[in-house]
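Listed below are the residues making up each chain.
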Amino acid sequence: MPEFITLVVGGAAALLAAAVAGLYLWPLGHRRLRLAPASPLDFAAATEAAASITAAEAADPEVRPHSRSRLLSHGTRTARAVLLLHGYTMAPEQYDELAELFFARGYNVWIPRAPHHGTVDRRAHHRVEAGELTAYAQQAVTVAAGLGDEVGVVGISGGAVLATWLAQVRGDVVRRLLVLSPFFGPRQGPAFAVRPLITLYGRRVLRDRVTARGYSLAAVTRYLTIVRSLPRPPRRTDLVSAAVAISPLDTVVDPAAAVRVPRRIARANGIDLRVYALPEALGVGHNTLALTALGDEAADVLGRYVDLYEGDPASTTDASDAATVGG
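Residues numbered from 1 in each chain as written. Predicted model: local features only at pLDDT ≥ 70, side-chain atom pairs only at ≥ 80, totals over all residues. Heavy atoms only, no water.

(A) Local environment of the packing of helix α5 (residues 130-145) against helix α6 (residues 158-169). It is at 10 Å that the axes of α5 and α6 come closest, and there the two elements cross at 65°. Like other packed secondary-structure pairs, α5 and α6 cross with a definite hand, here right-handed. When α5 is examined against α6, the residues L133, T134, Y136, A137, Q138 and V141 are found in contact with a partner set consisting of L162, W165 and L166. Within the contact of α5 with α6, the residues separate by chemical class into 7 nonpolar, 2 polar and no charged. (Axes fitted to C-alpha atoms, helices over the stretch in contact; angles between N-to-C directions. Helix = DSSP H or I, 4+ residues; strand = E, 2+ residues; numbered from the N terminus. Left-handed = near helix turned anticlockwise from the far one by under 90°. Contact = heavy atoms within 4.5 Å. Nonpolar A, V, L, I, M, F, W, Y, C, P; charged D, E, K, R; others polar.)

Given below as structure tokens:
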């Protein structure tokens, strides 16, 4: 986003040269985000944990009723379970249609609400911290692991960052990964501006600013900090499927990074990354789950997402199309 870079440059210009140099030397505290695996849950315990979360949200007047965490369960442990992680500023209802499709295909589905999201205070998400996000993701995948024999994660935008983090940090659990419009970096501006962005706004050296999209720069840096915490080189885990879907009309995410980051993880695991570039004619932007305006075509796109997740080769865009979105 141009706003990100403009604000970083403006803020940096206000600091002494020595302080600006320090932006590149200041440690970002990645190690705090690497949590130990939680104790596994059986189906009953996982269901009870999900019920406790949803009950607490139902009793909290700050949580919007339609934005509560939700579990779609077949009433027993299934062969497959999927964890759906919504995007920054969004809430579980972002996945309503896709969740129902996974459920119809026999999955147990867990869609947890991220910290400070889905509340009556529309600015609450400005306060989210990286440690809260990774703890939330860790708890979420532990619940999902109790719901099915094979577990995978789908994430969109900031949720895609958390899904990717789980695929590496909880590689003992996550077998499949699908990232939609993953926010591994902003679309506009040079990569070297990301670290100052994290330091200036993440460390609250500069007062928080809100972009035209309603994004808090302080909050955005929490997700970028998690991106920076991903293991380098990527770890080899038990991942069997990895895919990314992105729109060429997306003005938020860096399209090259959107493909590069999961491709490195896929290669580390000896698998191919499937890439789906949504046709421009669909008119879909950053929120690649906002498909209501597509009418009957929405079902086709959602079906493509599930096929990508499941590893169907026919769901992959050809190489020339993938290259147009940064492949």
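(B) Representation of α5. When the terminal C-alpha atoms of α5 are compared, their 23 Å separation across 16 residues agrees well with the 22 Å that a helix rising 1.5 Å per residue should span. Here α5 has its buried residues at A130, L133, T134, Y136, A137, Q138, A140, V141, T142, V143 and A144. (Expected span 1.5 Å × (residues − 1). Buried < 20%, exposed > 50% of the residue type's maximum accessible area, 1.4 Å probe, protein only.)

(C) Structural view of the pattern of salt bridges. Taken as a whole, this structure holds 12 salt bridges when the rule is applied. Among the ionic pairs, E93 bridges to R64, the shortest N-O distance being 3.7 Å. With a gap of 29 residues between them, E93 in the loop between β2 (78-85) and α4 (96-104) and R64 in the loop between α3 (43-58) and β1 (70-72) connect regions that are remote in the sequence. On the basis of relative accessible area, E93 is assigned to the partly exposed category, the value being 22%. Residues R127 and D121 are paired through a salt bridge, measuring 3.7 Å at the closest nitrogen-oxygen approach. (Salt bridge = Lys/Arg side-chain N within 4 Å of Asp/Glu carboxyl O.)

(D) Expanded view of the side chain of H117. With respect to the helices and strands, H117 occurs in the loop between β3 (108-111) and α5. By relative accessible area, which is 1% here, H117 ends up buried. Among the polar contacts listed, one links the side chain of H117 to the backbone nitrogen of T89, at a separation of 3.2 Å. Not counting residues within four places of it along the chain, the set of residues in contact with H117 comprises H86, G87, Y88, T89, M90, H125 and Y223. (Polar contact = N/O pair within 3.5 Å; in protein donor to acceptor, adjacent residues only side chain to side chain.)

(E) Spatial organisation of the packing of helix α7 (residues 194-202) against helix α8 (residues 217-228). Where α7 contacts α8, the two axes come as close as 9 Å, and the packing angle between them is 130°. Between α7 and α8, the interaxial angle falls into the category oblique. Regarding α7 and α8, the two cross each other, and that crossing is left-handed. The residues of α8 that touch α7, namely those facing V194, R195, L197, I198, Y201 and G202, are L217, A218, T221, R222, L224, T225 and R228. Partitioned by chemical class, the residues of the contact of α7 with α8 number 7 nonpolar, 3 polar and 3 charged. (Parallel < 35°, antiparallel > 145°, perpendicular 65-115°, else oblique.)

(F) Geometry of the environment of G148. Here G148 lies in strand β4 (residues 148-156). With 68 residues separating them along the chain, G148 and R80 place their C-alpha atoms 4.8 Å apart. With residues up to four places along the chain from it excluded, the contact list for G148 reads R77, T78, A79, R80 and A81.

(G) Highlighting the confidence of the model for the chain. Overall, the prediction assigns the chain a mean pLDDT of 88, with 83% of residues at 70 or greater. Within the chain, the element-level pLDDT minimum falls on helix α2 (residues 17-22), averaging 38, and the maximum on β3, averaging 99. Across residues 11-29, where pLDDT falls below 50, the model places 26 contacts with residues more than four positions away in sequence or in other chains. Within the model, pLDDT remains below 50 along residues 318-327, and this stretch shows 16 contacts once partners closer than five positions in the same chain are excluded. (pLDDT = per-residue confidence, 0-100.)

(H) Quick look at the nonpolar core. Core analysis: the biggest nonpolar cluster contains 66 residues, and L83, L85, W110 and L166 have the highest contact counts within it. With 30 residues, the next largest nonpolar core counts A99, F102, L178 and L308 among its residues. (Core = buried A, V, L, I, M, F, W, Y, C linked by side-chain atoms within 4.5 Å.)

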